[in-house]
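# Structural description and commentary
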Amino acid sequence: MKNMKRVLAGAVALVSAFGVASCGKSGSDNTDSSSSYVDKVEVADLDDLQSAVQDIEAIPEGSDGELKWLSYFDINPTKKAPEKRTDLTLFEERGGKITYEQVSSMEKYEQLAARLMANNPPDMFWYEQRMTFPANCIKEMFQPVDEIVDFDAPLWSGVKDTAEQFTLNGKHYVAPIKFVANSVLTYDKDIVEAAGLDDPYELYVDGDWDWDAWYGMMEEYCEGAAADEERYGINGWFAPFIFQSTGETLVTYDEEKDEYVSNLDSANFTRATDVLYNIKKNNMYYPDWVGQSSDAFKKNILFYAMGPWASTETHTPKEDDNWAMVPMPRDPNTDTLYTSAEMQAYMWVKGSTKTDAMRCWLECARLVNVQDEYIQTEKDKFFENNPYWTEEMYNIAYEEITTNKYVLLIEQGNGISTVLSDDNAATNDTKEAVISLLYSSVMKEDENGAQYTWTQLREKYSGTVEQELKTFNEEYHKFTGK
């Protein structure tokens, strides 16, 4: 087992707003983006991980090793995914067992609440960017992990700063396991070359991949269409990341006030929404759902913005494909790379007493993501299933955001209330809670076909955001005893 150095830092959230660019330069100002809540990347020096981390201890004899896992997906092998996961193998070798208790993704919190009310809690629940923290933590659905996780230990020190963003009353509720890019821009290099465009990946490597380069490339591609040809700049999920590339999110935690506050008035969002507005206005935006990269390219869409899942397994490139990936472009007003990312973690349910088993599982899950032996095993498995991915694509999708190039942000608005945060409970036409809607709506039209402006959206929803935050902060202060 080789020694290693891994970088895992920042704070993360998955922001679920679909912004999905057919073909001007946007307005700009020089407002600097700086926020106290941004968790600056720090390198976790784990070169001594092998010697510092002893073999994970087995679950003690007589201790219950069975974890009841309430979720909409199984950790155990299934017919669809028959190969046993490495973390599960390690856990079972140490006396552990995971029992899957199925629930639909739409009803997961309702079922969890019912189980808690009946004094029949499961042990483990998947961390969700929507409502898990802080909303359902102050509702006491989950318990702190400090009893079973030592964030100063080599196994966990690389995610200590991130875990600090998920604390209540000084207790940690989330032990981050892994980070994956929320969305990447996949493109066909043959299409780019045929259009006479610069290679976006080379621009990224050279530090030139920003809003202006991205927008200009889409504009040139669309303007180059033949008379009978429709071209589009982009489709998929990208709008939130343009906001966040400024270094700010719509809702943030104010440490001095000890409360969650609105950030809708930031001048940086005016600049970001100018870019998004013009992408839609100038017909570079393909708004309909496209489920995989190959379908996007067949529709003459230059960039397909989606999580790596949409370019893997059944969606993976074929032998003759020549695909590449880049991250979302940075804000040209800053050299810092800001983004959010998907954080994978397991919540310890309130009322579970499986201390030994839960500790063992979290350590097994974390270990396979920090030791080179297991990282390489998982990477080898990935390339067996996706043989026409390149190393550069894999790096962008699964490795780059965990380096010290990036500062990872958390959108606090995703965990506040049903109205602000819960897309599953939304009743509007697009099924978006307010935070999701605000991220994407400058690329939508009203019932009269008029495109929304950021000023309109901010004026329409700022009162709702403030009221929901006021209500939440009152509950939050009751929970913390303030």
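A few points on the structure. (Residues numbered from 1 in each chain as written. Predicted model: local features only at pLDDT ≥ 70, side-chain atom pairs only at ≥ 80, totals over all residues. Heavy atoms only, no water.)

## Some points on the side chain of serine 441
Topologically, serine 441 is positioned in the loop between α16 (434–440) and α17 (454–480). Taking relative accessible area as the criterion, serine 441 reaches 2% and is therefore assigned buried. Of the polar contacts made by the side chain of serine 441, one reaches the backbone oxygen of leucine 437; its length is 2.7 Å. For serine 441, the residues in contact, after removing those within four places along its chain, are Tyr452 and Leu457. (Helix = DSSP H or I, 4+ residues; strand = E, 2+ residues; numbered from the N terminus. Buried < 20%, exposed > 50% of the residue type's maximum accessible area, 1.4 Å probe, protein only. Polar contact = N/O pair within 3.5 Å; in protein donor to acceptor, adjacent residues only side chain to side chain. Contact = heavy atoms within 4.5 Å.)

## Description of the pattern of salt bridges
One pass over the full model with this rule turns up 22 salt bridges. Between arginine 85 and aspartate 87 there is a salt bridge, with the nearest N and O atoms lying 2.7 Å from each other. Residue classification places aspartate 87 among the buried residues on the basis of a relative accessible area of 7%. Put simply, Asp64, Asp123 and Lys354 are held in one network by salt bridges that share partners. (Salt bridge = Lys/Arg side-chain N within 4 Å of Asp/Glu carboxyl O.)

## A word on helix α10 (residues 267–281)
Along its 15 residues, α10 runs 21 Å from first to last C-alpha, staying within 8% of the 21 Å computed at 1.5 Å per residue. Residues Asn268, Phe269, Arg271, Ala272, Thr273, Val275, Leu276, Asn278, Ile279 and Lys280 constitute the buried set of α10. Elements in contact with the buried residues of α10: α8 (211–223), β8 (232–236), α9 (239–244), α16 and α17. By the N-cap criterion, in which a side-chain oxygen at the helix start approaches the backbone nitrogen of a residue two or three places on, α10 is capped by serine 266, the distance to asparagine 268 being 3.2 Å. (Expected span 1.5 Å × (residues − 1).)

## Considering α8
When the terminal C-alpha atoms of α8 are compared, their 18 Å separation across 13 residues agrees well with the 18 Å that a helix rising 1.5 Å per residue should span. By the burial criterion, the buried members of α8 are Trp211, Trp214, Tyr215, Met217, Met218, Tyr221 and Cys222. Seen along its axis, α8 keeps its buried residues to an arc of 160°; they face one direction. One side-chain oxygen of the residue at the start of α8 lies 3.2 Å from the amide nitrogen of aspartate 212, identifying that residue as aspartate 210. (Arc of directions from axis to C-beta.)

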